[in-house]
Amino acid sequence: MAVPKKKTSKSKRDKRKATWKHKATIQAQKALSLGKSILTGRSKFVYPVQQEEEAEEE
């Protein structure tokens, strides 16, 4: 016979959600910071260009 799983506590559920949301918040902050630095011209970041795209254009 199948046995039902134990119920996950609310604290464990909330902790998992908080961790997931925190990771997303950090990534959003990094993206916003990069965007601002590119707009102001202070960024030294260069997007990598694939060789295949350049070969197709020529």
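Remember, predicted model here, so these are calculated numbers, not experimental data.

Focus: the overall build of the chain
Across its full length, the chain holds 2 helices and 0 strands. Scored against the burial criterion, the 58 residues of the chain give a buried share of 0%. With an accessible surface of roughly 6400 Å², the chain has 57% of that area assigned to carbon and sulfur atoms.

Let's talk about the pattern of salt bridges
What the rule picks out here adds up to 1 salt bridge. A salt bridge links Asp 14 to Arg 13, with the nearest nitrogen and oxygen atoms 3.1 Å apart. Its relative accessible area of 36% is what places Arg 13 among the partly exposed residues.

Overview of the environment of Ser 9
With respect to the element layout, Ser 9 can be found in the segment before helix H1 (10-40). Overall, Ser 9 belongs to the partly exposed group, its relative accessible area being 33%. Here the side chain of Ser 9 touches Ser 11 through a polar contact of 3.2 Å, side chain to side chain.

Here's the deal with H1
Taking 1.5 Å as the rise per residue, H1 with 31 residues should run 45 Å; its terminal C-alpha atoms sit 45 Å apart, in good agreement. Once H1 finishes, Gly 41 follows within two positions and takes phi at roughly 85°, a positive value.

What counts and what doesn't
- Residues numbered from 1 in each chain as written.
- Predicted model: local features only at pLDDT ≥ 70, side-chain atom pairs only at ≥ 80, totals over all residues.
- Heavy atoms only, no water.
- Helix = DSSP H or I, 4+ residues; strand = E, 2+ residues; numbered from the N terminus.
- Buried < 20%, exposed > 50% of the residue type's maximum accessible area, 1.4 Å probe, protein only.
- Areas by Shrake-Rupley, 256 points an atom, 1.4 Å probe, with all protein chains shown as cover.
- Salt bridge = Lys/Arg side-chain N within 4 Å of Asp/Glu carboxyl O.
- Polar contact = N/O pair within 3.5 Å; in protein donor to acceptor, adjacent residues only side chain to side chain.
- Expected span 1.5 Å × (residues − 1).

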